[in-house]
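So you can see what is in the structure, the chains are spelled out below.
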Amino acid sequence: IDNMEKRLKQSLGIDVSKLNLSLSLGFLTGKLEKEFISHEDVSNDLSGYRTLLKWLKKSVDSSVDFLIVMEATGVYHQGIAHYLHSKGYAVCVMQSGRVKRYAQSLDQRSKTDALDSRMLSMLGLERTIRLWHPPSEELRQLKGLSRERSSLLKDRRTENNRQGAIDSGVYKNSKALKRHKNRLKLLNAQIELIEQEMQELVSKNKELKRKMDFLTSIPGISFKSAATVVGETLGFESIVNTKQLASYAGYDIILRESGNFKGKTKISKRGNSHIRAALHMPSMTCVRCNPTLKQFYNRLKPNKAKPLVALIAVQRKLLILMYTLWKNEEVYDAKFETKKQQKHEAPAARDNKLIAQFVS
């Protein structure tokens, strides 16, 4: 092949839905032009995966870098991601926010599965992307238990609200009331059972238990809160910095202003709502018993129209603190902020002393 026609890079974009996979295979040529070939949709099951594998073996040049790009779509992408990774392919699972921002940068007004798969293929050709690695079995189970517990907690809140309505009502049905109490009893029993399973799962894995202890060393963070955050992020596996983590959890700050319109800053809430829900009660505890975060909250609160805004800032800081301790494998140090401040003040004091000597 002529050098100008030689393929420099290859990327397969997969648009995932519950039932089907839409496929687009892109090539970057020596002229820095992009070429694409597509395949008819395949089913999102083992039969479809095998059809895709046969096509890749015929279409992909084994001597050129090859990347498979897909968007994280709940649970529907997991099967194909694990299958292709097990076959030795380089797989990248992109967070939806990053994919959306890339799509907005293209002059593409229509939206179809075929166009989305081509867009994902283009993303793989143009950008340097971090590869995906399957999380451990324990982390996958922890996430599943966390989601199940979250769903039951939501059901329990609904039942508790209904209980309030029943108690306030004039006309009461004793049989309906008994059924309602039985539902609440069942929910409480199942939530307790799931929490026990989470404890057992973590205690059986010494490495996971050791790292979880770093998070629970923070005053105000319970095992359940730490397990939810670790499960939802799969041990912070795909997180590379605190900015990305804040965006993943929906704590990233957005501001809308246009012309004479002046908007207010607020969190996007586009990220993982399970993490935000898990950090709500711990943040309320932290502003009472955690000296560092209490000081942070009291400094912010007078400047905010609503105390909840300052509380959300505490949640964001708490999440970043958990990530830092997990990555650095450190126990919480209540005096860290003081030491950090003193560390910055010492050079400044020394410089001021030198300036004073020079002036005199």
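Remember, predicted model here, so these are calculated numbers, not experimental data. (Residues numbered from 1 in each chain as written. Predicted model: local features only at pLDDT ≥ 70, side-chain atom pairs only at ≥ 80, totals over all residues. Heavy atoms only, no water.)

### Here's the deal with the pairing of strand β5 (residues 91–94)
Alright, step 1. Side chains Val91 and Val93 of β5 all project onto a buried face; the interleaved residues Cys92 and Met94 project onto the opposite face, where all are buried too.
Alright, step 2. Relative to β5, strand β4 (residues 66–71) runs parallel, the two sharing four bridges. Considered in β5, the bridge of Val69 is made with Cys92.
Alright, step 3. For the crossover that starts at β4, traverses helix α2 (residues 78–86) and ends in the parallel β5, the hand is right-handed. (Buried < 20%, exposed > 50% of the residue type's maximum accessible area, 1.4 Å probe, protein only. Helix = DSSP H or I, 4+ residues; strand = E, 2+ residues; numbered from the N terminus. Pairing = 2+ DSSP bridges. Right-handed = clockwise from strand over helix to strand, strands pointing away.)

### Describing the side chain of Thr292
Alright, step 1. The residue Thr292 is located in helix α11 (residues 291–300) in this model.
Alright, step 2. Classification of Thr292 as buried rests on a relative accessible area of 15%.
Alright, step 3. Engagement of the side chain of Thr292 in a polar contact is seen with the side chain of Tyr332, the distance being 3.3 Å. (Polar contact = N/O pair within 3.5 Å; in protein donor to acceptor, adjacent residues only side chain to side chain.)

### Structural notes on the pattern of salt bridges
Alright, step 1. Following the criterion strictly, the structure yields eleven salt bridges and no others.
Alright, step 2. Note that Glu207 is salt-bridged to Arg210, the shortest N-O span being 2.9 Å. Here Glu207 and its partner Arg210 are both found in helix α7 (residues 206–216), three residues apart, which amounts to about one turn of the helix.
Alright, step 3. Classification of Arg210 by relative accessible area gives partly exposed; the value is 32%.
Alright, step 4. Measuring nitrogen to oxygen at the nearest pair gives 3.9 Å for the salt bridge that ties Glu329 to Lys211. One end of the pair, Glu329, is in the loop between α12 (307–328) and α13 (336–359); the other, Lys211, is in helix α7, with 118 residues separating them in the sequence. (Salt bridge = Lys/Arg side-chain N within 4 Å of Asp/Glu carboxyl O.)

### A look at the sheet that holds strand β1 (residues 7–16)
Alright, step 1. Taken in spatial order, the five strands make up an open sheet running β3-β2-β1-β4-β5, and their pairing is mixed. Both outer strands of the open sheet, β3 (34–43) and β5, are each paired with one neighbouring strand and no more. Here the strands of the sheet are splayed against their neighbours by 20° on average, with no regard to which way each runs.
Alright, step 2. Direction of pairing for strand β2 (residues 20–29) relative to β3: antiparallel, over a ladder of eight bridges. Counted as the bridge partner of Leu28 is Lys34 from β3. (Axes fitted to C-alpha atoms, helices over the stretch in contact; angles between N-to-C directions.)

### Some remarks on unusual backbone geometry
Alright, step 1. At Leu32, a residue that is not glycine, the phi angle is positive and equals roughly 60°.
Alright, step 2. As for its placement among the helices and strands, Leu32 is situated in the loop between β2 and β3.
Alright, step 3. You will see that Glu329, though not glycine, has its phi angle at about 55°, which is positive.
Alright, step 4. A residue is classified by how much of its surface remains accessible, and Glu329, at 36% relative accessible area, is partly exposed.

### What to know about α2
Alright, step 1. Every buried residue of α2 is listed here: Ile80, Ala81, Tyr83 and Leu84. Here the buried residues of α2 occupy an arc of 165° about the axis, which is enough to place them on one side.
Alright, step 2. Where α2 is buried, its residues contact β1, β2, α1 (46–59), β4 and β5.
Alright, step 3. One or two steps after α2, the chain reaches Gly88, where phi turns positive at roughly 95°. (Arc of directions from axis to C-beta. Contact = heavy atoms within 4.5 Å.)

### Considering the packing of α7 against helix α8 (residues 223–233)
Alright, step 1. Remark: α7 packs on α8, axes separated minimally by 9 Å, with the N-to-C direction vectors making an angle of 115°. Both α7 and α8 take part in a crossing whose hand is right-handed. Each of Leu208, Met212, Leu215 and Thr216 in α7 lies in contact with α8, whose residues at this interface are Phe223, Ala226, Ala227 and Val230.
Alright, step 2. In the contact of α7 with α8, the residues fall into seven nonpolar, one polar and no charged. (Left-handed = near helix turned anticlockwise from the far one by under 90°. Nonpolar A, V, L, I, M, F, W, Y, C, P; charged D, E, K, R; others polar.)

### Topic: the environment of Leu123
Alright, step 1. With respect to the helices, strands and loops of the structure, Leu123 is situated in helix α4 (residues 113–126).
Alright, step 2. Between the C-alpha atom of Leu123 and that of Ser11, which follows or precedes it by 112 residues, the distance is 8.4 Å.
Alright, step 3. Every residue in contact with Leu123, bar those within four places of it in the chain, is listed here: Met94, Tyr102 and Ile129.

### Notes on the nonpolar core
Alright, step 1. Met212, Val230, Leu279, Leu319 and Met322 are the most contacted members of the largest nonpolar core, which has 48 residues in total.
Alright, step 2. Residue assignment for this core shows that the elements contributing at least two residues are α5 (137–168), α6 (174–204), α7, α8, α9 (242–248), α10 (273–289), α11 and α12.
Alright, step 3. Looking at which element gives the most residues to this core, the answer is α12, with nine residues.
Alright, step 4. Ignoring anything within four residues of it in the chain, the contact list for Met212 reads Val202, Phe223, Ala226, Ala227, Val230 and Trp326.
Alright, step 5. One finds Leu12, Val16, Ile80 and Val93 within the second-largest nonpolar core, a separate group that totals 25 residues. (Core = buried A, V, L, I, M, F, W, Y, C linked by side-chain atoms within 4.5 Å.)

### Some points on the side chain of Lys143
Alright, step 1. Along the chain, Lys143 turns up in helix α5.
Alright, step 2. This buried residue, Lys143, is left without a salt bridge; Glu232 holds the nearest opposite charge, at 4.7 Å.
Alright, step 3. Those residues in contact with Lys143 that lie beyond four places of it in its chain are Gly231, Glu232 and Leu234. (Lys, Arg positive; Asp, Glu negative; His and termini not counted.)

### A look at a positive patch on the surface
Alright, step 1. A surface patch of positive charge is lined by Arg98, Lys100, Arg101, Arg127, Lys243 and Arg270.
Alright, step 2. Broken down by element, the positive patch gets its largest block of residues, three residues, from helix α3 (residues 96–104). (Patch = residues over 30% accessible without salt bridge, like charges linked within 9 Å, V, L, I, M, F, W, Y side chains within 5 Å. Areas by Shrake-Rupley, 256 points an atom, 1.4 Å probe, with all protein chains shown as cover. Charge placed at Lys NZ, Arg CZ, Asp CG, Glu CD.)

None of the figures reported here should be taken as evidence of function without further support.
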